[in-house]
Amino acid sequence: MECIILMYGKGEHVIYNGLEICLVGETVRRNFDGMGEKEYITLYSAELKTTVYVPVGKCSEMLRPVLSKESLLRLIDMMPSAGSVDIDFSEAVKNGDHMAIVSIMSSIYNKSLDREKCGKHLLKADKRNFDAAKKLIDGEIALAFGIKEEEVEDFINERLAVNASSKNNAAM
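Residues numbered from 1 in each chain as written. Predicted model: local features only at pLDDT ≥ 70, side-chain atom pairs only at ≥ 80, totals over all residues. Heavy atoms only, no water.

**A word on helix 6 (residues 124-145)**
Okay, step 1: Taking 1.5 Å per residue, 22 residues should reach 32 Å; helix 6 reaches 31 Å between its end C-alpha atoms and fits that length.
Okay, step 2: When helix 6 is considered as a whole, its buried residues turn out to be Asp-126, Phe-130, Ala-132, Ala-133, Leu-136, Ile-137, Asp-138, Gly-139, Glu-140, Ile-141, Ala-142 and Ala-144.
Okay, step 3: At the exit of helix 6 stands Gly-146, carrying a positive phi of roughly 65°. (Helix = DSSP H or I, 4+ residues; strand = E, 2+ residues; numbered from the N terminus. Expected span 1.5 Å × (residues − 1). Buried < 20%, exposed > 50% of the residue type's maximum accessible area, 1.4 Å probe, protein only.)

**Let's talk about helix 3 (residues 69-78)**
Okay, step 1: Among the residues of helix 3, Leu-72, Leu-75 and Ile-76 are the ones counted as buried. Down the axis of helix 3, the sector holding all buried residues measures 100°, keeping them to one side. (Arc of directions from axis to C-beta.)

**Some words on the side chain of Asp-138**
Okay, step 1: Tracing the chain through its elements places Asp-138 in helix 6.
Okay, step 2: If we skip the residues at most four places from it in the chain, Asp-138 touches Glu-149 and Val-152. (Contact = heavy atoms within 4.5 Å.)

**Side note on the packing of helix 5 (residues 98-117) against helix 6**
Okay, step 1: Viewed as axis vectors pointing N to C, helix 5 and helix 6 meet at an angle of 135°, and their least axial separation amounts to 10 Å. What the angle tells us is that helix 5 and helix 6 run oblique. Note on packing geometry: the crossing formed by helix 5 with helix 6 is left-handed. Contacts from His-98, Ile-101, Val-102, Met-105, Ile-108, Tyr-109 and Lys-111 of helix 5 reach helix 6 at Asp-126, Asn-129, Phe-130, Ala-133, Lys-134, Leu-136, Ile-137 and Glu-140. (Axes fitted to C-alpha atoms, helices over the stretch in contact; angles between N-to-C directions. Parallel < 35°, antiparallel > 145°, perpendicular 65-115°, else oblique. Left-handed = near helix turned anticlockwise from the far one by under 90°.)

Spelled out as structure tokens, the structure:
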């Protein structure tokens, strides 16, 4: 229990199972399996409108901190150069590898453009992975910068436009 209290305080936001932003609540004792009480940390998911109970001993596997503003800005700045990676989407999420997630998103987006030219739709698995990755990235950016998720795409585009303009001015 001590490591959880030190790592994540009540009222902090964390990423649960790699994809869900949750608010940390209390540490409680519950008997869910009929085998005796265990300690759990409670998480509140606004999107799922539910409380999640994570066994204290599993927190390091199931939770990670939300990225800082600085880390998110670095991630946005690297988006144009995101190459393809040879990693499974679920593995990237599990490892919290945001650059790999962005690279996978870029790859799926480019694949969707190619398929669209041929009159085909994106495969359901690719669409599901892209949507999950976008939700995660958009959610973390929205939380860190105090904006709505619907505003994240414009926020990213503005940041990239400023970076491109700065590079063009520096090249002159």
